[in-house]
Every structure is written in structure tokens, then in C-alpha cells.
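Understanding the architecture of this molecule
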Amino acid sequence: TNKINRTKRMKLLIVSSLAMMVSNAAGFAPSSSSSSSINVRSSPSSPMSKVALSMSTVSEAKPFAKGPRIILNQLPVLYVYDHCPFCVRVRLALGAKNIKHLIHFFANDDIATPTNLVGKKIAPIFELP
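Starting from 1, residues in each chain are numbered consecutively following that chain's sequence as written. Restriction of local features to residues with pLDDT of at least 70 applies here, the model being predicted, together with a cutoff of 80 or more for giving and counting side-chain atom pairs; totals for whole chains, interfaces and linings are based on all residues. Side-chain measures were taken over the full set of non-hydrogen atoms in the model, leaving aside hydrogen atoms and water.

With respect to the overall build of the chain
Operational definition: Comment: elements are numbered from the N terminus, with helices defined as DSSP H or I runs of at least four residues and strands as E runs of at least two. When accessible area is computed with a 1.4 Å probe and restricted to protein chains, residues below 20% of their type maximum are described as buried, those above 50% as exposed, and intermediate ones as partly exposed. Whether two residues touch is decided by their heavy atoms; if any such pair falls within 4.5 Å, the residues are in contact. Per-residue and other accessible areas follow the Shrake-Rupley method at a 1.4 Å probe size, with only the shown protein chains counted as cover for residues.
From N to C terminus, the chain includes three helices and five strands. Considering the chain as a whole, with its 129 residues, one finds that 20% of them fall into the buried category. A sequence separation of at least 24 residues applies to 62% of the contacts in the chain between residues at least 6 apart. With the model as given, the accessible surface of the chain reaches about 10,000 Å², and the carbon-plus-sulfur share is 60%.

What follows is the structure, encoded as C-alpha cells:
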């Protein structure tokens, strides 16, 4: 049983050390006074008798404020597929930046339109006037 306890302690030390290294690499600062700490029972000669993990201080989230509406003389045109995740990202970015634009949705089997615009079937296509 003593050997089993020693093995469990070693595994816990390895896991705690790994967790500490990952949290340091992720930008979380370890501290000795933390509400979430891992206590490891080991001999006093062990260099890691207590490992504490803590996250950096969390500040209040600021509410999202939309910027001023951007309207160009001639509106840019965005060609997208409705099922394309990259097209959704572009639409989200334009909406977050409050940029007015025209949207043209491609049909799933429409190969001619994107090929005529940029030379191959690809989306999204952002066309400035």
C-alpha cells in the first residue's frame, strides 16, 4: 500500500506540475494565495509539496458599442454562399464594423459567377466599386 500511495503522489505531482506549466504558458500567473489550490501530501523534502494555480484578475466586460455607420458613395458588394463559414465571418465583421454593403448569395451549383469574377469557384468575394 505504501508503494501505491507513493505512485499516486508521483502521478499527482506530475499532473500538478503539468497544469502549472500550461497555466504559465497560457498567461495565468501562479500565486501562493489562491482560492483554487491543489494540495499534495508528500514528504517535507519534496520541492513541490503545494502547487497553486490561479487565473489572473478578471475585469468587468465592457458593453459592445456600435461605431458610426459607414456608407460609401457606391456600396461594396459581397458575394457569399449561405452555408460557407468564411462568408459568415466576413458578414459578421462587416456588421460589427457597421459597414453598409450589398450581399449576393450564390446558388450551391453556381460555378460560372465566381469563376467569372475571380477565376475560380471560391467565396467570399468582396468587390469594391
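The structure having been displayed, the exposition proceeds.
Comments concerning a nonpolar patch on the surface
Our working definition: Any residue with relative accessible area above 30% and no salt bridge may belong to a patch, with like charges joined within 9 Å and the nonpolar Val, Leu, Ile, Met, Phe, Trp and Tyr side chains within 5 Å. The rule for a salt bridge is simple: a side-chain nitrogen of Lys or Arg has to be within 4 Å of a carboxyl oxygen of Asp or Glu.
A cluster of nonpolar residues, Leu117, Val118 and Ile122, forms a patch on the protein surface that exposes about 230 Å² of accessible area. Mapped onto the fold, isoleucine 122 is located in the loop between α3 (112–118) and β5 (125–127).

With respect to the pairing of strand β3 (residues 77–80)
Here is the rule we go by: Between any two strands, pairing holds if DSSP finds at least two bridges. Every crossover in which the path from the first strand over the helix to the second runs clockwise, viewed with the strands pointing away from the viewer, is termed right-handed.
Residues Val77 and Tyr79 point to one face of β3 and Leu78 and Val80 to the other, with burial holding for every one of them. Bridge count between β3 and strand β4 (residues 102–105): four bridges; the pairing is parallel. Paired with valine 77 across the two strands is leucine 102, which belongs to β4. In terms of handedness, the path from β3 via helix α2 (residues 85–96) over to β4 forms a crossover that is right-handed. In this structure, β3 lies alongside β5, joined through three bridges in antiparallel fashion. From the neighbouring strand, leucine 78 faces β5, where its bridge partner is phenylalanine 126.

Observations concerning the packing of aromatic side chains
The relation between two aromatic rings is expressed through the spacing of the ring centres and the mutual angle of the planes. Short version of the rule: Classification of ring pairs uses Phe, Tyr and Trp, with its six-membered ring standing for Trp, and accepts pairs whose centres are within 6.5 Å; under 30 degrees between planes counts as stacked, over 60 as edge-to-face, and the remaining range as tilted.
Applying the stated rule across the entire model yields two aromatic pairs. Both rings, one in tyrosine 79 and one in phenylalanine 106, keep their centres 5.7 Å apart while their planes meet at 10°; by these two values the pair is stacked. Taken as a pair, tyrosine 79 in strand β3 and phenylalanine 106 in the loop between β4 and α3 lie far apart in primary sequence, 27 residues in all. Both residues of the pair, tyrosine 79 and phenylalanine 106, count as buried.

Some details on the nonpolar core
Rule in force here: Among the buried residues, those of types Ala, Val, Leu, Ile, Met, Phe, Trp, Tyr and Cys that are joined through side-chain atoms within 4.5 Å form a nonpolar core.
Judged by nonpolar contacts, Val77, Leu78, Tyr79, Val80, Tyr81, Cys84, Cys87, Leu94, Phe106, Ala123 and Ile125 together constitute the single largest core of 11 residues. Sorting the residues of this core by element identifies β3 and α2 as the ones contributing at least two each. Residue contributions to this core peak at four residues, all from β3. Tyrosine 79 has contacts with His104, Phe106, Leu117, Ala123, Pro124, Ile125 and Glu127, leaving out every residue within four places of it along the chain.

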